[in-house]
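Coordinate analysis (summary)
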Amino acid sequence: MILKKFLLVGLVCAFLAPTNVFAATDAEELSAIKNEFGAVLSLKGTARKEINAIANLFAPGSKLAAIDATKASGEYCMLEKVTKHNMIHFASNPEKTHEDIVYYLNPKTFIESGMDVNKLPKHPKSLGKMTPLQWYYYDGTYVEPHQGTQMNKEFVIMTVNLK
């Protein structure tokens, strides 16, 4: 009985409350969503479907982790969580770099296939020094500039310039 009275009072208060109180909150929330996700919301067709597919990769239980590397390089990282030996970085401002997408791959398969990764150019120690579509070898012994940390494992790394 008390629960019924409580619900009834709640409903009456909701109907009697000024609608502009709710509207202001909704407008603020909508504005915040537009500011944060405006570029995504404006996408159409295949582009929108692709963004949704990427977003779904981060769903609970995923084997992919989102890592913020913006302090080091202005990039966001997608790390494969099983081996933690494959990742991809996306520049948050591709207009400011020619290293828009950076691929990091475990060199094991390359080496097993006969590639001498030591013959690849050594991965540069600073940002902006990579030639797009050129593979580099990172030996794990120094601070990798896109991550901002010493990785302590090998990678073959390539960048793509989109803008």
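For the structure itself, look to the data block above.
Read on for an overview of the structure. (Residues numbered from 1 in each chain as written. Predicted model: local features only at pLDDT ≥ 70, side-chain atom pairs only at ≥ 80, totals over all residues. Heavy atoms only, no water.)

1. Some words on the overall build of the chain
How we decide: Runs of H or I in DSSP of at least four residues are treated as helices and runs of E of at least two as strands, each being numbered from the N terminus. Burial classes: relative accessible area under 20% of the type maximum marks a residue as buried, over 50% as exposed, and values in between as partly exposed (1.4 Å probe, protein chains only). Contacts between residues were defined by any pair of non-hydrogen atoms, one from each residue, lying within 4.5 Å. Note that accessible areas follow from Shrake-Rupley with a 1.4 Å probe, and for residues the cover is restricted to the protein chains shown.
Within the chain, the regular secondary structure consists of 5 helices and 8 strands. Ordering the α and β elements of the chain from the N terminus gives α-α-α-β-α-β-β-β-α-β-β-β-β. Classification of the 163 residues of the chain by burial places 26% in the buried group. The contacts of the chain with a sequence gap of at least 6 include a subset with a gap of at least 24, amounting to 36%. Working note: accessible area of the chain is about 11300 Å², and carbon and sulfur atoms make up 62% of it.

2. Regarding the pairing of strand β4 (residues 101-105)
Residues in a regular strand point their side chains to alternate faces of the sheet. Applied cut-off: Strands qualify as paired when DSSP identifies two bridges or more between them.
Two elements, strand β3 (residues 87-91) and β4, share 4 bridges in a ladder whose sense is antiparallel. Note on β4: the bridge partner recorded for H89 is V102.

3. Comments concerning the sheet that holds strand β8 (residues 155-160)
Strands pair in a sheet through their backbones, by hydrogen bonds, and they do so in one of two ways: parallel or antiparallel. Let me state the cut-off plainly: A fitted line through C-alpha atoms serves as each axis, taken over the contacting stretch for helices, and the angle formed by two N-to-C directions is quoted from 0 to 180°.
Reading across the sheet, the 6 strands line up as β1-β2-β3-β4-β8-β5 and stay open at both edges, with antiparallel pairing between neighbours. Edge positions in the sheet fall to β1 (64-69) and β5 (136-138), since each of these pairs with one other strand and no more. Pairwise comparison of adjacent strand axes, ignoring direction, gives a mean angle of 25° for this sheet. Inspection of the sheet shows strand β2 (residues 75-80) paired to β3 by 5 bridges, in the antiparallel sense. By the bridge assignment for β3, E75 is matched with A91.

4. Topic: the packing of aromatic side chains
As a reminder, the rule being used: Note on ring pairs: Phe, Tyr and Trp rings are taken, using the six-membered ring of Trp, and paired if centres are within 6.5 Å. Classes follow the plane angle, with under 30 degrees stacked, over 60 edge-to-face and the rest tilted.
Enumeration over the complete set of coordinates arrives at 3 aromatic pairs. Ring centres 5.7 Å apart and planes at 85° place the aromatic pair Y104 and F155 in the edge-to-face group. Taken together, the positions of Y104 in strand β4 and F155 in strand β8 put the pair 51 residues apart, joining distant regions of the chain. Assessed through its relative accessible area of 0%, Y104 is described here as buried.

5. Examining the layout of surface pockets
Test applied: The rule is simple: put a 1 Å grid over the protein atoms alone, call a set of points where a 1.4 Å probe fits but cannot get out a cavity, call an open set with protein on both sides within 12 Å along at least five of seven lines a pocket, and count a residue as lining if it has an atom within 4 Å of a point. Grid points are joined across faces, edges and corners, and a volume is the space filled by probe spheres set on the points.
The calculated volume of the largest pocket comes to roughly 760 Å³. What lines the largest pocket is a set of 22 residues, among which V40, I51, I54, Y76 and F90 lie closest to the centre. Going through the elements one at a time, α2 (19-41), α3 (45-56), β1, β2 and β3 are the ones with two or more residues in the lining of the largest pocket. Ranked by residue count, the leading element in the lining of the largest pocket is α2, at 5 residues.

6. What about unusual backbone geometry?
Phi is positive for K84, close to 55°, though the residue is something other than glycine. Positionally, K84 belongs in the loop between β2 and β3.

7. Quick word on a nonpolar patch on the surface
Stated formally: Residues enter patches when their relative accessible area tops 30% and they take part in no salt bridge; the joining distance is 9 Å for like charges and 5 Å for the nonpolar side chains Val, Leu, Ile, Met, Phe, Trp and Tyr. Whenever Lys or Arg places a side-chain nitrogen within 4 Å of a carboxyl oxygen from Asp or Glu, that contact is recorded as a salt bridge.
Taken together, the side chains of I33, F37, V40, L41, I51, I54, L57 and F58 present a nonpolar region at the surface, about 610 Å² in accessible area. If one sorts the elements of the nonpolar patch by residue count, α2 sits on top with 4 residues. Within the element layout of this structure, V40 appears in helix α2. Residue V40 is classed as partly exposed on the basis of its relative accessible area of 34%.

8. Here's the deal with the side chain of E80
What counts, and what does not: Only four residue types enter the tally: Lys and Arg on the positive side, Asp and Glu on the negative side, with His and both chain ends excluded. Polar contacts, as used here, are pairs of N or O atoms within 3.5 Å; protein pairs need one atom able to donate a hydrogen and one able to accept it. Residues neighboring in sequence count only if both atoms are side-chain atoms.
Structurally, E80 is set in strand β2. Despite its burial, E80 remains without a salt bridge, the nearest opposite charge being carried by K153 at 7.9 Å. Here the side chain of E80 touches V82 through a polar contact of 2.8 Å, landing on its backbone nitrogen. Setting aside residues up to four positions removed in sequence, E80 forms contacts with K63, L64, H85 and N86.

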